Each structure stands twice: as C-alpha cells, then as structure tokens.
Amino acid sequence: MELKRPHDIDPRQMRETIEAGRDIAGLGAWSWDERNQTKFWGARTLEIFGLAPDADVTRELFLSLLHPDDIARYEAAWAAGTDPDGDHIYRLVYRIRRASDGAERWISSQGRFDFEDGRMTRVAGVLRDITEEQIGAEKLRRTERRLELALGNSHIAVSEQDLDLRYTWIFNPKLGYAAEGVIGKTDFDLMQAECAAELDKIKRSVIASGKPARAEVKAAAPGQNIEWYEAYVEPLRDASGAVIGVSTAAAEISEQKRTQALLREGEERLRLALDAADAGIWEFTPATGELVLSDGTRELLGFARSAIVTPEAGRNAFHADDRARLAEGLRKTLKSGERVALELHVH
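Residues numbered from 1 in each chain as written. Predicted model: local features only at pLDDT ≥ 70, side-chain atom pairs only at ≥ 80, totals over all residues. Heavy atoms only, no water.

A separate point is helix α11 (residues 323-336). With 14 residues, α11 extends 20 Å from end C-alpha to end C-alpha; this agrees with the ideal 20 Å at 1.5 Å per step. The first or second residue beyond α11 is Gly337, which carries a positive phi of 80 degrees. (Helix = DSSP H or I, 4+ residues; strand = E, 2+ residues; numbered from the N terminus. Expected span 1.5 Å × (residues − 1).)

Structure representation (structure tokens):
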C-alpha cells in the first residue's frame, strides 16, 4: 500500500473523502465567511433540515425553522462564539421544525471561529440529528423518575456492579450511605467483613454460573447494627450476552426477621408452659374444615405426630357419650364468640 504525502493528494479527492466520512457519521457541514459574506451548507445539512438541495439558506429561513423556545439560546451561543476574548467555540443543542414535514427534530451543532486582529473572519462546523438519542434519554429519565416514585421511600435498594464487584450505579442506597459514597467501591469497602464476604460469595457465584440467586443476607456498615435483606442477584449482560457484572435488588426485612424471632420465642414459651401443665392446644377452621393439633394434644388424643387428623377423626377420639356436648360447645362458641369450657373423656 502506497502512502501519499499531503501535497501529493488531489484536493478534490480529499474533499470527497472527508464528505464520505461525514456522511458515515451522519454529520452535516456548514460554514460562514465573514470577509466575503459567503455561506456553505452541505448536502447532509440540507437533508437534516428538510430543505431542497438547491435551497438558498438565509438567516431568516434558518431562524424560521428554529423552535421558538430555542432562538434566544442560539443567539447567546453565537454571540459567545464571536467574542474575541472567549474560547471561539460554538456549541448548541436545539430543536427545529423540519421544513419538509414540520417534524420536530433535535440538532447538536459545533463550530469554531477564526479571528484576525481581533475580528471574526470565518466559522466552520458540523451538526447532526440526535432526535433518537434525545428520545432515548427522555425515556431513561422517565424510567428513573418512575423508579424514584416507586422506590424512593421504600425499603428496596437497586444496584449494578462490574466484574470486580465495584458499584457502577445504585438507586436508594441503604446503611446510611449516599449514592456518591457508594459508586466505585465494593461491599468490603462499605460493610462489616462478615457481611461483605457473604454477599461477595453469592454475587461471584452468579457471575460464574450466569444464573440468578436469591438469599436472605445480613448487612451492616462498620460499627453499625446488623440489618437483614432479601437479596435477588442476577447477571448483568452486554448486548452480546456476555456477563459484565451483577444487578441486585435488596429489600430490607429486618422488622420481619425481628417479628419471626419474637414469634419463635413466644411459641417456645407456650410449648414449655403446655409441657409443664401436661396440656395441649388445637384449632379448627369451619370454613375450610382444617384441624390443627399441637404435639401435646396429639399425645393426649392418641395421634402420632405425623398423622393427618380430620375433624371426624378428632371428634371420634372422644368418648361417644361426650361427642354431642362437644358439638354443642363448638356451635355455641362459633355463634357467640364466648369461651366454652368442657370436660370430656377420650378413649
């Protein structure tokens, strides 16, 4: 392959190459020469604005296509670019009403001003249609707003981490952290070592297997009390399907765990009390016909702990002479809600 020096390249060929590159990138060229009052709008630029290839683009025509709400910003950006003491750069994102069909389109335009002796002589730049990008960004903003409304005051945190398990994004962080204090860090940077190790193991397993996992885990910042979370971790994938990290949704269940612990303690105290009194308890739900017997009641009535006891079997466990009184007692307490005390014989 022969490489040509710049002065050996045909200027026409160079222009065609540059124009081809702009077309591929979706860029439209434009320029204005202050010295001879000439302007240039490339074919792609005219197409973006919905203008005919031979259109005479005047300032009045350009301003008529600008969205009314963006005219003041355009004029301010142009004035800043022509300031000799400025950075000589023109940058602006604005909306137009496309001439061909009136469709609203978003345009990103950039240019550079040339100066001689403190006076602007020329400006040249490029622009492109970014409507789809703006629509996508707006959809993302709406999704984030919905997420904020849904989770802003909830006990749920949502996050993403890379393959090194460093946080790249988090919404509604817990443990007293703000989002900016979490990004770039790992669980070991943010939590007590034991809690971090448990989470790290689960997340690395998800990365290795490519399969989601659910677990109840402990979490606590250094020096803070333990909190409980139900965590759902799934692999985070790129467009090709390759695993590039994990996504985690974690719901705080500390109050639920405390309630469960109190319930277990209460049940244990009740069991000890029933054992000490050589007593048992039972529950009957008429709507479903479900009969539940404690271990003590099963022992008193002669049922094995693993046996399925139907209401009929429970009734037949009592002496035949007492079954009518049992049935009447049940009807009375179900109707009035009052306690009924009965002394019954069992076989």
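Across four bridges, strand β6 (residues 156-162) lies against strand β7 (residues 167-171) in antiparallel orientation. Looking across to β7, one finds that Val158 is bridged to Phe171. Connecting the antiparallel pair β6 and β7 is a turn made up of four residues, with Leu165 showing a positive phi of about 60 degrees. (Pairing = 2+ DSSP bridges.)

Here we come to the sheet that holds strand β4 (residues 104-116). One open sheet accounts for five strands, arranged β2-β1-β5-β4-β3; its pairing is antiparallel. Looking at the sheet topology across the chains shown, the edges are occupied by β2 (38-41) and β3 (89-97). The sheet shows a mean angle of 15 degrees between the axes of neighbouring strands, direction not considered. When β4 meets strand β5 (residues 119-129), the two strands line up antiparallel, connected through 10 bridges. By the bridge assignment for β5, Arg112 is matched with Ala124. Its contacts with the sheet place helix α4 (residues 71-81) against β1 (28-33), β3, β4 and β5, and it is angled at close to 160 degrees to β3. (Axes fitted to C-alpha atoms, helices over the stretch in contact; angles between N-to-C directions. Contact = heavy atoms within 4.5 Å.)

Before going further, it helps to examine unusual backbone geometry. Positive phi values are uncommon outside glycine, yet Gln37 reaches one of about 55 degrees. Mapped onto the elements, Gln37 comes out in the loop between β1 and β2. According to the relative accessible area criterion, Gln37 is partly exposed, its value standing at 48%. (Buried < 20%, exposed > 50% of the residue type's maximum accessible area, 1.4 Å probe, protein only.)

A separate point is the sheet that holds β6. Taking strand neighbours across the sheet as the criterion, the five strands line up as β7-β6-β10-β9-β8 in an open arrangement whose pairing is antiparallel. Unpaired on one side and paired on the other, β7 and β8 (213-219) mark the two borders of the sheet. Ignoring strand direction, the axes of neighbouring strands in this sheet form an average angle of 25 degrees. Taken strand by strand, helix α7 (residues 193-209) contacts β6, β7, β8, β9 (227-237) and β10 (243-252), and its axis lies near 165 degrees from that of β8.

How two aromatic rings sit relative to each other is given by the distance of their centres and the angle of their planes. What the rule picks out here adds up to 10 aromatic pairs. Between Trp78 and Tyr90, the aromatic rings sit 5.6 Å apart at their centres with planes inclined by 70 degrees, giving edge-to-face as the arrangement. One end of the pair, Trp78, is in helix α4; the other, Tyr90, is in strand β3, and 12 residues separate them in sequence. Judged by its relative accessible area of 2%, Tyr90 is buried. Considering the side-chain rings of Trp78 and Phe113, the 5.2 Å spacing of their centres and the 75 degrees angle between planes classify their relative orientation as edge-to-face. Taken together, the residues span a long stretch of sequence, with Trp78 in helix α4 and Phe113 in strand β4 at a distance of 35 residues. A relative accessible area of 22% means that Trp78 is categorised as partly exposed. One aromatic cluster is present, formed by Trp30, Trp41, Phe49, Phe62, Tyr74, Trp78, Tyr90, Tyr94 and Phe113 through successive ring pairs. The ring of Trp228 carries the charged tip of Lys257 above its face, separated from the ring centre by 4.4 Å. (Phe/Tyr/Trp six-rings, centres within 6.5 Å; stacked < 30°, edge-to-face > 60°. Lys NZ or Arg CZ within 6 Å of the ring centre and 35° of its normal.)

Let's shift gears to the pattern of salt bridges. What the rule picks out here adds up to 23 salt bridges. Linking Arg214 and Glu230 is a salt bridge whose minimum nitrogen-to-oxygen distance equals 3.7 Å. Of this pair, Arg214 sits in strand β8 while Glu230 is found in strand β9, placing the two residues 16 residues apart along the sequence. Between Asp322 and Arg325 there is a salt bridge; the shortest N-O distance is 3.3 Å. The exposure class assigned to Arg325 is partly exposed, which follows from its relative accessible area of 38%. Through salt bridges with shared partners, a single ionic network connects Asp33, Arg35 and Glu116. (Salt bridge = Lys/Arg side-chain N within 4 Å of Asp/Glu carboxyl O.)

Along the chain, Asp200 turns up in helix α7. Beyond its immediate stretch of four places on either side in the chain, Asp200 contacts Leu165 and Phe188.

Buried residues dominate β1, accounting for five of its six residues. Hairpin connection, β1 to β2: the antiparallel pair is bridged by four residues, and Gln37 has positive phi, about 55 degrees.

Moving on to α4. Buried residues of α4: Tyr74, Ala77 and Gly81, and no others. For α4, the angular spread of the buried residues around the axis is 70 degrees, confining them to a single face. Where α4 is buried, its residues contact α3 (59-65), β3 and β4. (Arc of directions from axis to C-beta.)

Looking now at the environment of Tyr177. Checked against the element boundaries, Tyr177 lands in the loop between β7 and α6 (187-190). Spatially, the C-alpha atoms of Tyr177 and Leu190 are 8.7 Å apart, while their sequence positions differ by 13 residues. Leave out the neighbours within four places in its chain, and Tyr177 touches Val182, Leu190, Ala221 and Pro222.

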